[in-house]
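For reference, the chains in residue letters:
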Amino acid sequence: MLSRFQAYVEGFFASSAGAFHAAGFSPNKVTFLGFVFVFASALLYAIGLLQLFYWAAAVILLLAAAYFDAIDGAMARRYKDVSKVGGVLDSVLDRLGEIFLYAGFALGGLSSFPVAIWALSAP
């Protein structure tokens, strides 16, 4: 059962990677696009989620960022575009995205600063 689900998910991301590759995106561009979505979501969390629209936008942006984070690796593997620079870029932007996201939670009052710091330091 689990292997069928895994095959379905991998197939979905592989086909999505194909679509982005056909549109002219590189894995590094997809990585950066995912970071931009995390940053935008963090900004919405930081300014406060006073209306339902802001909640929905922040969640959708965060889900889009997670989607792009999965696509970049699948794209690099599928099109043999794996590089050390791409791996470092992905790791650094993922970590920066986490920092911005938890800072947005804290600034927006969704968590305390000690909890945000703890979450960032957790392995």
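Remember, predicted model here, so these are calculated numbers, not experimental data.

**Notes on the packing of helix 2 (residues 27-47) against helix 3 (residues 52-78)**
Line of reasoning, step 1. Running from amino to carboxyl end, helix 2 crosses helix 3 at an angle of 160°, the nearest separation of the two axes being 8 Å. Taken together, the axes of helix 2 and helix 3 lie roughly antiparallel to each other. By crossing handedness, the relation of helix 2 to helix 3 is classed as left-handed.
Line of reasoning, step 2. For the contact of helix 2 with helix 3, a count of residues per class yields 20 nonpolar, 3 polar and 1 charged.

**Thoughts on the layout of surface pockets**
Line of reasoning, step 1. Each pocket or cavity is described by its volume, and for the largest pocket that value is around 300 Å³.
Line of reasoning, step 2. Lining of the largest pocket is provided by 18 residues; of these, V38, D69, D94, G97 and E98 occupy positions nearest its centre.
Line of reasoning, step 3. Looking at which element gives the most residues to the lining of the largest pocket, the answer is helix 4 (residues 84-107), with 7 residues.
Line of reasoning, step 4. Of the residues in the lining of the largest pocket, the class split is 10 nonpolar, 3 polar and 5 charged.
Line of reasoning, step 5. Considering only enclosed or pocket space, the second largest pocket measures out at about 250 Å³ in volume.
Line of reasoning, step 6. The set of elements that each furnish at least two residues to the lining of the second largest pocket consists of helix 2, helix 3 and helix 4.
Line of reasoning, step 7. Split by residue class, the lining of the second largest pocket holds 3 nonpolar, 7 polar and 4 charged.

**Details of a nonpolar patch on the surface**
Line of reasoning, step 1. There is a patch of nonpolar side chains on the surface, built from F39, L43, V88, V92, L96, I99 and F100 and spanning about 550 Å² of accessible area.
Line of reasoning, step 2. Going through the elements one at a time, helix 2 and helix 4 are the ones with two or more residues in the nonpolar patch.
Line of reasoning, step 3. The element contributing the most residues to the nonpolar patch is helix 4, with 5 residues.
Line of reasoning, step 4. Its place among the elements puts L43 in helix 2.

**Observations concerning helix 3**
Line of reasoning, step 1. Taking 1.5 Å per residue as the helical rise, helix 3 with its 27 residues ought to reach 39 Å, and the 39 Å between its terminal C-alpha atoms agrees with that figure.
Line of reasoning, step 2. Looking at helix 3, one finds that the buried residues are A57, A58, A65, F68, I71, D72, G73, A74, M75 and A76.
Line of reasoning, step 3. Two residues or fewer past helix 3, K80 is found with a positive phi of approximately 50°.

Rules and cut-offs
Residue numbers restart at each chain and count upward from 1, following the sequence in its written direction. Local features in this predicted model are restricted to residues of pLDDT 70 or higher, and side-chain atom pairs are both shown and tallied only at a pLDDT of 80 or more, whereas totals for entire chains, interfaces and linings draw on every residue. With hydrogens and water set aside, each side-chain value is computed from the structure's full complement of heavy atoms. Angular values range over 0 to 180 degrees, each being the angle between N-to-C directions of two axes fitted as lines to C-alpha atoms, with helices fitted over their stretch in contact. What counts as a helix is a DSSP run of H or I of at least four residues, what counts as a strand is a run of E of at least two, and both are numbered from the N terminus. Oblique is the label for any angle not covered by the other classes, which are roughly parallel (under 35 degrees), roughly antiparallel (over 145) and roughly perpendicular (65 to 115). Should the near helix be turned anticlockwise from the far one by less than a right angle, the crossing is termed left-handed; should it be turned clockwise, right-handed. All residues other than Ala, Val, Leu, Ile, Met, Phe, Trp, Tyr, Cys, Pro, Asp, Glu, Lys and Arg, Gly among them, are scored as polar; the first ten of these are nonpolar and the last four charged. A cavity, in this analysis, means grid points on a 1 Å lattice covering only the protein atoms where a 1.4 Å probe fits yet has no way out; a pocket is instead an open set bounded by protein on both sides within 12 Å along at least five of seven lines, and a residue lines either one if it has an atom within 4 Å of a point. Grid points are joined across faces, edges and corners, and a volume is the space filled by probe spheres set on the points. Residues enter patches when they are more than 30% accessible in relative terms and free of salt bridges; like-charged ones are connected within 9 Å and nonpolar ones (Val, Leu, Ile, Met, Phe, Trp, Tyr) within 5 Å. The Shrake-Rupley method, run with a 1.4 Å probe, gives the accessible areas here. Residue values count only the displayed protein chains as cover. One speaks of a salt bridge when a side-chain nitrogen belonging to Lys or Arg is within 4 Å of a carboxyl oxygen belonging to Asp or Glu. Helix span is expected to be 1.5 Å times the residue number reduced by one. Whether a residue is buried, partly exposed or exposed follows from its accessible area with a 1.4 Å probe, protein chains only, as a fraction of its type maximum: under 20%, in between, or over 50%, in that order.

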